[in-house]
Amino acid sequence: MNKSIYIAAFTLTSSLTMNVAHAARDYINVVGSSTVYPFSTVVAERFGKSTQFKTPKVESTGSGGGLKLFCQGVGVQSPDITNASRRMKASEVELCAENGVTEIVEVLIGYDGIVLGNSNKIARMELTRKDLFLALAKEVPNPDGSNTLIENPYQNWNQVNPKLPNRKIEVLGPPPTSGTRDAFSELALEGGCKKIDWIADLKKQSKAASKAGDSKLSSQLKNQYKTICHTVREDGAFIEAGENDNLIVQKLNANSNALGIFGFSFLDQNADQIQGASIDGFEPTFESIADGTYPVSRPLYFYVKKAHVGVIPGIAEYLAEFTSEKASGEEGYLTEKGMIPLDEERRDAVKQDVKMLTPLVL
């Protein structure tokens, strides 16, 4: 009897929550990634002009910040959609579930490259991922050849690599809550870290320990490897410049010696002012990101609460607009903003999942 009353009360409360959402908000609320923000904004503006629905409200909070807001619960008090420049983590799915967000629709929208750009007033930088690790990691291998680490001593680029200019290491980048920062750490820093054999062996040893059934040792080795490869120096060479990529571009114009980390779309939109460094011999271009030769590229997503579809007006129609050929296709208006589209087969699969509101399974 008590169980029946509890279930009925819970159902009524959930229904009331969503009815309040319907009554109190008649527009879509979108948060999340600063990289996806310009694409989402363009879709929102076109959607507002071409349909009977209100223009969605889009905020740039960073991928991590957006997912945290998204996972607060179901109803008017929380966002309907969050943009992300990385895939949702298992821990974030668990947080959502704890707060009643149990059905999440994942929408892969395209690809983006992470650029290290500088003012085009000076020469383009030619970097490797190993250069980036040695320049920006908190601890680096001891130059004496021993398999030990020391606090990063490098102040100028030519100390990292004699082929690089004798110029102070100054890199403006996003904070830890940013998906761009996550992807840069994984693709660029770890990509360079793995070039150092004894550090790469830590990951191999972790896998071997796991296979041998020693989960504790495996976890220790894995954490040690990740700490070495992902921890950024805090002595001023790396400068957190917030989630606003436009602000980074402005600072690069003011300081031609500095480099900035941001998505390819911002390079594309500001090509008259900044240029992208080559990484491992490949320049960040539409073509090199699309074919996978540019080594620092990543997928872009947004996530939708299935419980809000059909309650907050226009969500299904917004999803249809975002995944349409005119928006996300090879000749779509989002490619004009610098987004690298999915291939036709992948686009068709995403459209089908969106149409069916297929829940995310990691």
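What you are looking at is a predicted structure, and each value in this text was computed from that prediction instead of being measured. (Residues numbered from 1 in each chain as written. Predicted model: local features only at pLDDT ≥ 70, side-chain atom pairs only at ≥ 80, totals over all residues. Heavy atoms only, no water.)

Draft legend 1. Highlighting the environment of Asn 255. Within the element layout of this structure, Asn 255 appears in the loop between helix 10 (245–254) and strand 10 (259–263). Given the relative accessible area of 25%, Asn 255 is considered partly exposed. The spatial distance from the C-alpha of Asn 255 to the C-alpha of Thr 55 is 37 Å, given a sequence separation of 200 residues. At 3.3 Å, the side chain of Asn 255 forms a polar contact with the side chain of Glu 170. (Helix = DSSP H or I, 4+ residues; strand = E, 2+ residues; numbered from the N terminus. Buried < 20%, exposed > 50% of the residue type's maximum accessible area, 1.4 Å probe, protein only. Polar contact = N/O pair within 3.5 Å; in protein donor to acceptor, adjacent residues only side chain to side chain.)

Draft legend 2. Region of interest: the pairing of strand 1 (residues 29–32). Neither face of strand 1 is open: one carries Asn 29 and Val 31, the other Val 30 and Gly 32, and all of them are buried. Pairing geometry for strand 1 and strand 2 (residues 57–58), over 2 bridges, is parallel. Looking at the pairing, Val 30 lines up with Val 58 of strand 2. For the crossover from strand 1 across helix 2 (residues 37–50) to strand 2, the handedness is right-handed. Sheet analysis places strand 1 next to strand 3 (residues 81–84), joined by 3 bridges and oriented parallel. Across the sheet, Val 31 pairs through a bridge with Thr 82, a residue of strand 3. (Pairing = 2+ DSSP bridges. Right-handed = clockwise from strand over helix to strand, strands pointing away.)

Draft legend 3. The arrangement of the nonpolar core in detail. Judged by nonpolar contacts, the single largest core of 53 residues is most densely connected at Leu 116, Leu 127, Trp 157, Ile 169 and Phe 184. Here Leu 127 is in contact with Leu 116, Leu 132, Trp 157, Leu 164, Leu 259, Ala 277, Ser 278, Ile 279, Asp 280 and Gly 281, once residues within four sequence places are set aside. Val 36, Cys 96, Ile 104 and Phe 322 belong to the second-largest nonpolar core, a separate cluster that totals 44 residues. (Core = buried A, V, L, I, M, F, W, Y, C linked by side-chain atoms within 4.5 Å. Contact = heavy atoms within 4.5 Å.)

Draft legend 4. Just empty space enclosed by the protein, in detail. With the rule as written, the count across this model stands at 2 cavities of 30 Å³ or more. Size it by volume and the largest cavity reaches roughly 70 Å³. Around the largest cavity, the lining residues are Leu 108, Ile 109, Phe 322, Thr 323, Ser 328, Leu 342, Arg 347, Val 350 and Lys 351. With 3 residues, the top contributor of residues to the lining of the largest cavity is helix 15 (residues 344–356). Considering only residue class, the lining of the largest cavity consists of 5 nonpolar, 2 polar and 2 charged. Volume-wise, the second largest cavity comes out at about 40 Å³. What lines the second largest cavity is Leu 136, Pro 174, Arg 181, Phe 184, Leu 189, Val 232, Phe 238 and Ile 261. (1 Å grid on protein atoms, 1.4 Å probe; cavity = no way out; pocket = protein on both sides within 12 Å on 5 of 7 lines; lining within 4 Å. Points joined across faces, edges and corners; volume = space filled by probe spheres on them. Nonpolar A, V, L, I, M, F, W, Y, C, P; charged D, E, K, R; others polar.)

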